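Commentary on secondary and tertiary structure
Single-letter residue listing:
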Amino acid sequence: MNNFNIILFACNWGPHTAFQTLQDNGAEIPPEVKMVRIPCTGRISKALLFKAFEMGADGVVLAGCRPGACRYGSGTDIAEKNTEDTREILELLDLKKERLRFATFFPDDSDALLKFLNDFCNEIRLLGPSPVVATRKSDLKNSNKKQGLNKKEVAEVISIHDIYACQDCGKCTSACPLALMGKPFSPRMIASSIIAGDIDSPSVKENIWACLTCGLCYDRCPSAVNFPEFIRDIRRLLRKSHLEGHETHGGFFQSLMRTLTSPKLKTKHWEWLPADIRWDPQSKVLFFGGCAPYFDIFFRNHLGVQTSNALSDSLRLLNFFDIKPAILQDERCCGHDLLWSGDQENFLKLAKLNVSAIHRRGIEEVITTCPECYRTLKHDYARYGVEINFKVTHIYELLEREIDKGAVGFKKIDKKLTFQDSCRLSRLEQQADWPRNLISRLKPDQFREMQDSGSAAICCGNCAWTGCDSFSKALQVKRLRQAHDTESDILVTSCPKCQIHLRCAMEDPFLGEELNITMMDLTSIIAKTICWE
């Protein structure tokens, strides 16, 4: 018989009182249920709900107060929305949304609570144990121990990235977007402090997680010190020493990616695809989409982004050129954010699962539209010892190649456009010309570059879901103001995270109207205007 693990988050008021009555009366509460007393269901975020599944829960109940009875006013409404969003993500993962339930109770609803728990436990037994490989308890135990960094490993990272070559010229700091926003942040000072053995300083640790890894410092460095990769590897050492990172959104996305390392997990990544998309399971060309479907669900009640449009429109463009690619129905995250937030161990697990799935299909070419997926698949897998035997192509490369064959035109766009560069594509991959070559083929009323563009473009303010603060928000405001200075109608993007982070800045209650601008992915604009001549 399976030993199921069912977590009950019980609000301190109605549900907890009802549960305590059951205990006092000696009721036969299902033994699988482990009750966690909480102050209010509105305090249990999507990250906390999902974390329970990452840690091995087979089922989770969020029990709150009846509508209108919440002591904090909005707790019940917030909990209901968080539960529904998390259920949708569980469904995408094929964990089954029935594993998570939200229910409300008055203090005297003990009988109703007991019936609910019995019914829920019976449902979980029918579903069976979760396929998620839980995070090891030893990791959790060790994470509470303050362990010093291994000085030899720090010295190796300094040597590998030739940090001693830093000339202390300050060009990195003078170009750093965060420093220009007034943050006391300096790449050269971080490098000097780590060389001097001051990595344990709180300010140094904070800035290691604040770094955008956007690559502007590397672009300007006369000694070619690759500071973003240096920061990435220092983060790995911090993780290895069980020191916490500064993850945004409660660490939800890192938790999601670690969950995706479970080999038995069979996701339903593409079930949302529109009916007009054509794909061929026998094709030797694979389209790799990335995490946009998860982003859209997570942010739908706050930002309302639709980053999945870039994926469906990319597939439409492939279909336009009579390419019917294969797709991995159980596609997993590429692992970019785990790698860049220091979790190399789980990054490698994802890399091996992805490569194994692609190789089994006999795929010869992988096409992706996400800049982070492109870099990760093309370079980082092999760099970390996961060999690939397929070609990796960004969709901009493919579109340029196909359009060059001729007989392709574009409908007029009665809008003015400007463009937000992706750090990964424009600087780390040095391919700022790819999107511009395509934009030059379009027929907008006007295309104007922002003040900082191409290899000098300003980052959208966040990378790998780490270190978001008031300075990164100020950076986003600056970038949106630069977009407005071009008098454009549409800010064209090439990365789903650029849309998310810039849209977040537009939610500012004081500056929202001033900053608001329509955003569209470049693939969507091309898909809506391309035609045969």
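The residue count restarts for each chain, going from 1 along the sequence in the order it is written. Residues qualify for local features only when their pLDDT is at least 70, as the model is predicted, and side-chain atom pairs are given and counted only at 80 or more; totals for whole chains, interfaces and linings, by contrast, use all residues. As a convention, hydrogens and water are excluded, and side-chain values are obtained from all of the structure's heavy atoms.

1. Looking at the domain arrangement of the chain
Counted only if it meets this: Throughout the structure description, domain borders are defined by an automatic or database domain assignment. Two residues qualify as a contact provided that any one of their heavy atoms is within 4.5 Å of a heavy atom in the partner residue. A 1.4 Å probe defines the accessible area here, and the buried area is the portion of it lost by two parts on being joined, summed over both. A side-chain nitrogen of Lys or Arg and a carboxyl oxygen of Asp or Glu constitute a salt bridge if their distance falls within 4 Å. Whenever a nitrogen or oxygen atom comes within 3.5 Å of another N or O atom, the pair is scored as a polar contact, on the condition that within protein one atom can donate a hydrogen and the other can accept it, and that pairs from neighbouring residues in sequence are kept only if both atoms are in side chains. For the purposes of this entry, the term helix denotes a DSSP run of H or I that reaches at least four residues, the term strand denotes a run of E that reaches at least two, and both are numbered from the N terminus.
Domain assignment breaks the chain into domain 1 (6-132), domain 2 (152-240), domain 3 (249-400) and domain 4 (408-532). Each side of the interface is counted separately: domain 2 has nine residues, and domain 3 has 10 residues. Sorting the residues of domain 2 by area buried against domain 3 places Arg232, Arg236 and Arg239 first, and these three jointly supply 65% of that buried surface. Our count for the contact surface shared by domain 2 and domain 3 stands at two salt bridges. Remark: the boundary between domain 2 and domain 3 carries six residue pairs in polar contact (both at pLDDT 80 or more). In terms of residues, the side of domain 2 that touches domain 3 owes the most to one element, helix α12 (residues 227-240), which gives seven residues.

2. So, the pattern of salt bridges
How we decide: A 1.4 Å probe rolled over the protein chains alone gives each residue an accessible area, and that area as a share of the maximum for its type sets the label: buried under 20%, exposed over 50%, partly exposed in between.
Tallied over the full model, the rule gives 41 salt bridges. Taking the shortest distance from any N to any O, the salt bridge between Lys115 and Asp119 comes out at 2.8 Å. Within this pair, Lys115 and its partner Asp119 are both found in helix α4 (residues 110-127), separated by four residues, close to a single helical turn. According to the relative accessible area criterion, Asp119 is partly exposed, its value standing at 36%. When salt bridges that share partners are traced, they join Glu229, Arg232, Asp233, Arg375, Asp380, Arg383 and Glu429 into one network.

3. Some points on the nonpolar core
Here is the rule: Buried Ala, Val, Leu, Ile, Met, Phe, Trp, Tyr and Cys residues that are joined via side-chain atoms within 4.5 Å together make up what is termed a nonpolar core.
Core analysis: the biggest nonpolar cluster contains 102 residues, and Val60, Ile89, Leu93, Phe253, Leu256, Phe299 and Ile526 have the highest contact counts within it. The element that contributes the greatest number of residues to this core is helix α17 (residues 344-360), accounting for seven residues. Residue contacts for Leu93: discarding those within four places in its chain leaves Phe50, Leu256, Leu260, Leu265, Lys266, Thr267, Lys268 and Tyr294. Counting residues in hydrophobic clusters, the runner-up holds 37 residues, among them Ile208, Cys211, Cys214 and Phe230.

4. Focus: unusual backbone geometry
The phi angle at Asp168 is positive, at roughly 55°, despite the residue not being glycine. One can find Asp168 in the loop between α6 (151-160) and α7 (171-175).

5. Regarding the sheet that holds strand β7 (residues 391-394)
As a reminder of what qualifies: Pairs of strands are assigned from DSSP output, requiring at least two bridges between the strands. Axes here refer to lines fitted to C-alpha atoms; in helices the fit is confined to the stretch in contact. Angles between the N-to-C directions go from 0 to 180 degrees.
With parallel pairing, the three strands of this open sheet are ordered in space as β5-β6-β7. Each edge of the open sheet carries a strand with a single partner, namely β5 (285-288) and β7. Shown here is a sheet whose adjacent strand axes are inclined to one another by a mean of 25°, direction ignored. The pairing of strand β6 (residues 365-368) with β7 spans four bridges and is parallel. Bridged to Ile367 within β7 is Thr393.

6. Concerning the packing of aromatic side chains
Under the convention used in this document: Working definition: rings of Phe, Tyr and Trp (its six-membered ring) pair if their centres are within 6.5 Å, and the pair is stacked with planes under 30 degrees apart, edge-to-face with planes over 60 apart, and tilted otherwise. The criterion is that NZ of a Lys, or CZ of an Arg, lies within 6 Å of the ring centre and within 35 degrees of the ring normal, and then a charge sits over that ring.
As enumerated under the stated definition, the model contains 21 aromatic pairs in all. Taking 5.9 Å as the distance between ring centres and 25° as the angle between the ring planes, the aromatic pair formed by Phe299 and Trp465 counts as stacked. Taken together, the positions of Phe299 in helix α14 (residues 292-299) and Trp465 in the loop between β10 (443-447) and α22 (470-485) put the pair 166 residues apart, joining distant regions of the chain. Its relative accessible area of 1% is what places Trp465 among the buried residues. Judged by centre distance (6.0 Å) and plane angle (80°), the ring pair of Phe321 and Trp532 falls under edge-to-face. Of this pair, Phe321 sits in the loop between α15 (309-320) and α16 (336-340) while Trp532 sits in strand β13 (residues 530-532), placing them 211 residues apart in sequence. Within the aromatic cluster, the residues linked to one another by ring pairs are Phe50, Phe252, Phe253, Phe295, Phe298, Phe299 and Trp465. Looking at Arg232, its charged tip hangs above the ring of Trp340, at a distance of 5.0 Å from the centre.

7. What about the side chain of Asn319?
With respect to the helices and strands, Asn319 occurs in helix α15. Residue Asn319 is classed as buried on the basis of its relative accessible area, which comes to 8%. If sequence neighbours within four positions are ignored, Asn319 has contacts with Asp276, Ile277, Arg278, Lys324 and Pro325.

8. Some remarks on the packing of helix α2 (residues 46-54) against helix α13 (residues 252-259)
To be explicit about the condition: Oblique is the label for any angle not covered by the other classes, which are roughly parallel (under 35 degrees), roughly antiparallel (over 145) and roughly perpendicular (65 to 115). Definitions for this section: a left-handed crossing has its near helix turned counterclockwise from the far helix by less than a right angle. A right-handed crossing has that turn clockwise. Any residue outside Ala, Val, Leu, Ile, Met, Phe, Trp, Tyr, Cys, Pro, Asp, Glu, Lys and Arg is labelled polar, Gly included; the first ten of those are nonpolar and the last four are charged.
Where α2 meets α13, the closest approach of the two axes is 9 Å, and the angle between their N-to-C directions is 20°. As summarised for this structure, α2 and α13 are arranged roughly parallel, according to the angle between their axes. Crossing of α2 against α13: the hand is left-handed. Only Phe252, Ser255, Leu256, Arg258 and Thr259 of α13 make contact with α2, whose side of the interface consists of Lys46, Ala47, Phe50, Lys51 and Glu54. Of the residues in the contact of α2 with α13, the class split is four nonpolar, two polar and four charged.

9. Thoughts on helix α1 (residues 14-24)
Those residues of α1 lying buried are Gly14, Pro15, His16, Ala18, Phe19 and Leu22. Where α1 is buried, its residues contact β1 (6-11), β2 (33-38), β3 (59-65), β4 (100-105) and α4. Positive phi appears at Gly26, one or two residues downstream of α1, with a value of about 70°.

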